[in-house]
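Single-letter residue listing:
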Amino acid sequence: MVEMRERSLEEVKALSREEAVEIMQHAGIVGAGGGGFPTYFKYKRPLPHLIVNATESEPGYWGDKLLHKIYLKEFLQLFEAMKEIFEFEQISLGVHEKDREWYAEYEDYVDEGIYDIRYVPDTYALGEEKTLVKHATDKRVPLFTNNPDGTRRPGMPPDVGIVVNNSETLLNVYRALFLGRPLTTVFFTVFGMEERIMDLKAYEAPVGTPVREILEISGIDLERQIAGASNVVGYESGAERYVVADGGPYINDILDSRDIMSGEACIRRTTNSLLLIPEGRQTKEYARHIKTKPPKDGFVSLVGKVSEVRVPLAGGPLTPGTPLVSEGDEVAYEQKIAEPAERGFSIGVWASLAGRVTSVGGGIISISGTARDEEQERSPAELQEQYA
């Protein structure tokens, strides 16, 4: 495989399409904003237009906006490199109208030869990519299209010559191509459907961190507020307990409180937010009223701050990778622990924690231990300084 190592802008621009795709696959990059589709596959064939989805898919989210404040220079470098590698005719940053002021700094760097900004209505819709394409271009993604074998499938942006990736996905591409770093962490927010529950918090946490640990770090009393909660949104128990959703008020997976308490429920590569919902409330009914403020500390890194991880070998459409480790092995942070499978959509998997492998099986590699603090790319103080 192509070597995972640091590269200058010129070295990245010199990569071939095939080399860049291979790095993405082995780095373990999947769509961070949706169903976890393998990113490398989107770049295998030439397409003229890349749209960066920075619209935040749910009310209350701040992840994309924070990333673009913190990593402005990195995104600009990536746009330049990807235009060269993949021969895009245009790269566009898709932004909600309400966020014009937040992204104003990007206007200073607009280069029509590399990238532009497309402002779109403040809508939250199923099929977010199709909605973005509709409002950002003069094209329409078909509802269905025919495969070469005559079968039908849902239409996708590539059918009209467009690649869509969200901001975090592309930051992971930057890290892989420029820094030689695999996907081992996830950026996400934790907030309540009502302000009284908690202030919004933002974290960068290792893939596979138990949700239980995230809630504890966020100040949630698990025994009083989570244990025994109904897993059915809208169920009224009379107690001040919360249902936890992996996702936002519109699209989410409700987590079983028993899985949270046991440590089975973990942060996925596709986790954008953990939303706390009071028992007896319906998420969609109150979505319009959710108001959150950007976190004072920006993203707080939890690398080196958690005790265990359960790293998935697959997820969504992925075929599980082939483990390279066994129970009892000692692994280093960012050590490769699984190779992509030879068939199907598959990615490389890397240790998000330094420690001892406690189990391998059921599509999960569990690791107990702690990663070294010095492995953090940037400290929370450095991130906050940039964010401010």
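Given the structure is predicted, the values throughout are model-derived calculations rather than measurements. (Residues numbered from 1 in each chain as written. Predicted model: local features only at pLDDT ≥ 70, side-chain atom pairs only at ≥ 80, totals over all residues. Heavy atoms only, no water.)

Caption draft 1: Focus on the side chain of lysine 42. With respect to the element layout, lysine 42 can be found in helix H3 (residues 39–42). Here glutamate 129 takes part through its side chain, which lies 3.3 Å from a polar atom of the side chain of lysine 42. If sequence neighbours within four positions are ignored, lysine 42 has contacts with Phe37, Leu47, Glu129, Val163, Val164 and Asn165. (Helix = DSSP H or I, 4+ residues; strand = E, 2+ residues; numbered from the N terminus. Polar contact = N/O pair within 3.5 Å; in protein donor to acceptor, adjacent residues only side chain to side chain. Contact = heavy atoms within 4.5 Å.)

Caption draft 2: Examining the pairing of strand E19 (residues 364–369) more closely. The sheet contact formed by strand E13 (residues 308–312) and E19 spans five bridges and is antiparallel. Paired with arginine 310 across the strands is serine 366, a residue of E19. Where strand E18 (residues 355–361) and E19 come together, six bridges link them in antiparallel fashion. Residue pairing in the sheet places serine 359 in a bridge with serine 366 of E19. Where E18 folds back on E19, the antiparallel hairpin that results is connected by two residues, among which glycine 362 adopts a positive phi of roughly 65°. (Pairing = 2+ DSSP bridges.)

Caption draft 3: Expanded view of the sheet that holds strand E17 (residues 349–350). Pairing in this open sheet of three strands is antiparallel, and the strands run E14-E16-E17 from one edge to the other. Taken across any chain shown, the strands that pair with only one partner, and hence form the sheet edges, are strand E14 (322–323) and E17. Relative to strand E16 (residues 336–339), E14 runs antiparallel, the two sharing two bridges. Considered in E16, the bridge of proline 323 is made with alanine 338.

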